[in-house]
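# Remarks on the overall topology
Below, each chain spelled out in residue letters.
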Amino acid sequence: MKLVELIPNFSDGRNGKIINLLSNCVKSFPDAKLLDTEMDYNHNRSVITVVCTIDSVVELAFNLIKIAAENIDMDIQKGLHPRFGATDIMPLVPLEDTTMDECIKLSREIGMMVGNELKIPVFMYERSATVPERKNLENIRNKSFQIEELRSVIGTGKYIPDYGPSVIGKAGSTIIGARELLIAYNIYLNTDDIKIGRKIASAIRAKDGGFAYVKSLAFKIPGKNVVQISMNIVNYRKNPLYRIFETVKSEAAGYGISIIKSEFIGMVPQEAMAQSFNHYLMSNIENTGILVYRQSKI
């Protein structure tokens, strides 16, 4: 069976009615399965995880982007997480018999429809990138370059959209692309010193000489006196969870602080969990599945 996983990230984590609209959209497709929803108030961001057959991918992704565009106003949206638009990113991940090439083709079809019909600027990223510089998400949108900065430069230089107009409306812009499985993983530290958090995030991320397949940022969580190390692990086989956890733990100890908890956002490959189970429990766990539920803690 040809299946595709969609993991759209929406720029609203505070209005449950919007997430219900998006969830109901998924449920209206008989061959789609809503696996998980996450809402984060401080980041003002929600993540939905869906698996559907390849035949429904384009229509479902388009409908989700349309609903978000109609209900999320990027002129007033604020939150901790970097963002470009109402649907900030729309990743497609091939599952089962689906190939990466098929997902690339589908992602570009979605991008063209969104640009032409919804008049939303679309940037293609990861394996769907049309230029090498856009393969990495942080080269398009990052903590220091978000929708506010995009408004003044869109249509110039490296910010010419792949599809759609070079104008930012209330829905902002959208980033779409096919990619491999990744793990979204957060670790919370018992400090409110964001400078320490940034040093630890820098120590583990690839571009600063840390783990080759880890992208990380530090956030100070308002009102909770904690710092979050937010990570995307793009190759869990080469950078296993337990090794990253232990490194953050060691780095934190050097500053006299410790880990409070860790969490997953969205789904996690069972193999990734088995690696950590084997490491910590010294037992053999057979890898028999693809996905396990979120929120397991190490």
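Our structure is the block above this text.
Reading the values: the criteria
Each chain has its residues counted from 1, running along the sequence as written. Under the rules for a predicted model, residues below a pLDDT of 70 receive no local features and side-chain atom pairs below 80 are neither given nor counted, while totals for whole chains, interfaces and linings still include all residues. Just so you know, side-chain values use all the structure's heavy atoms and leave hydrogens and water out. What is meant by a nonpolar core is a set of buried Ala, Val, Leu, Ile, Met, Phe, Trp, Tyr and Cys residues, joined one to another through side-chain atoms within 4.5 Å. Using a 1.4 Å probe on the protein chains alone, a residue whose accessible area is under 20% of its type maximum counts as buried, one over 50% counts as exposed, and one in between counts as partly exposed. Segments assigned H or I by DSSP are reported as helices when at least four residues long, segments assigned E as strands when at least two residues long, and all are numbered from the N terminus. Stacked, edge-to-face and tilted labels apply to pairs of Phe, Tyr and Trp rings (six-membered ring for Trp) whose centres lie within 6.5 Å, assigned for plane angles under 30 degrees, over 60, and everything in between, in that order. A strand pair is defined by DSSP finding two or more bridges across the two strands.

Here we come to the nonpolar core. Within the largest apolar cluster, 54 residues are counted, with the highest numbers of intra-cluster contacts made by L6, L60, L92, I110 and I176. Residue contributions to this core peak at nine residues, all from helix α2 (residues 57–71). Among the nonpolar cores identified, the runner-up in size contains 28 residues, and I187, I196, A218 and M273 belong to it.

This paragraph deals with the packing of aromatic side chains. Each aromatic ring pair is characterised by the separation of its centres together with the angle its planes make. Under the defined criterion, the tally for this structure stands at four aromatic pairs. Pairing F145 with Y159 gives two aromatic rings, centres 4.4 Å apart and planes at 15 degrees, and the pair type is stacked. In this pair, F145 sits in the loop between β6 (122–124) and α4 (147–153) while Y159 sits in the loop between α4 and β7 (174–178), placing the two residues 14 residues apart along the sequence. By the burial criterion, F145 is buried, and Y159 matches it. Grouping aromatic residues by their ring pairs yields a cluster made of F84, F123, F145 and Y159.

Take the environment of D36 next. Mapped onto the secondary structure, D36 falls in strand β3 (residues 32–40). Relative accessible area serves as the criterion here: at 4%, D36 is assigned to the buried category. A C-alpha to C-alpha distance of 7.3 Å links D36 and V50, two positions 14 residues apart in sequence.

Further remarks concern the pairing of β7. A large share of β7 lies buried, amounting to five of its five residues. Residues of β7 alternate between two faces, with T174, I176 and A178 on one and I175 and G177 on the opposite face, all of them buried. Two strands pair when backbone bridges link them, and strand β5 (residues 87–96) and β7 are joined in this way by four bridges, in the parallel orientation. Looking at β7, one finds that L92 is bridged to A178.

Within strand β4 (residues 45–53), nine of the nine residues are buried, which leaves the element mostly enclosed by the surrounding structure. Of the two faces of β4, the one holding R45, V47, T49, V51 and T53 and the one holding S46, I48, V50 and C52 are both buried throughout. Bridge count between strand β2 (residues 9–10) and β4: two bridges; the pairing is antiparallel. Looking at β4, one finds that N9 is bridged to V47. Alignment of β3 against β4, held across eight bridges, turns out to be antiparallel. If you follow M39 over to β4, its bridge partner there is S46. Linking β3 back to β4 in an antiparallel pair, the connection comprises four residues, with N44 at a positive phi of about 50 degrees.

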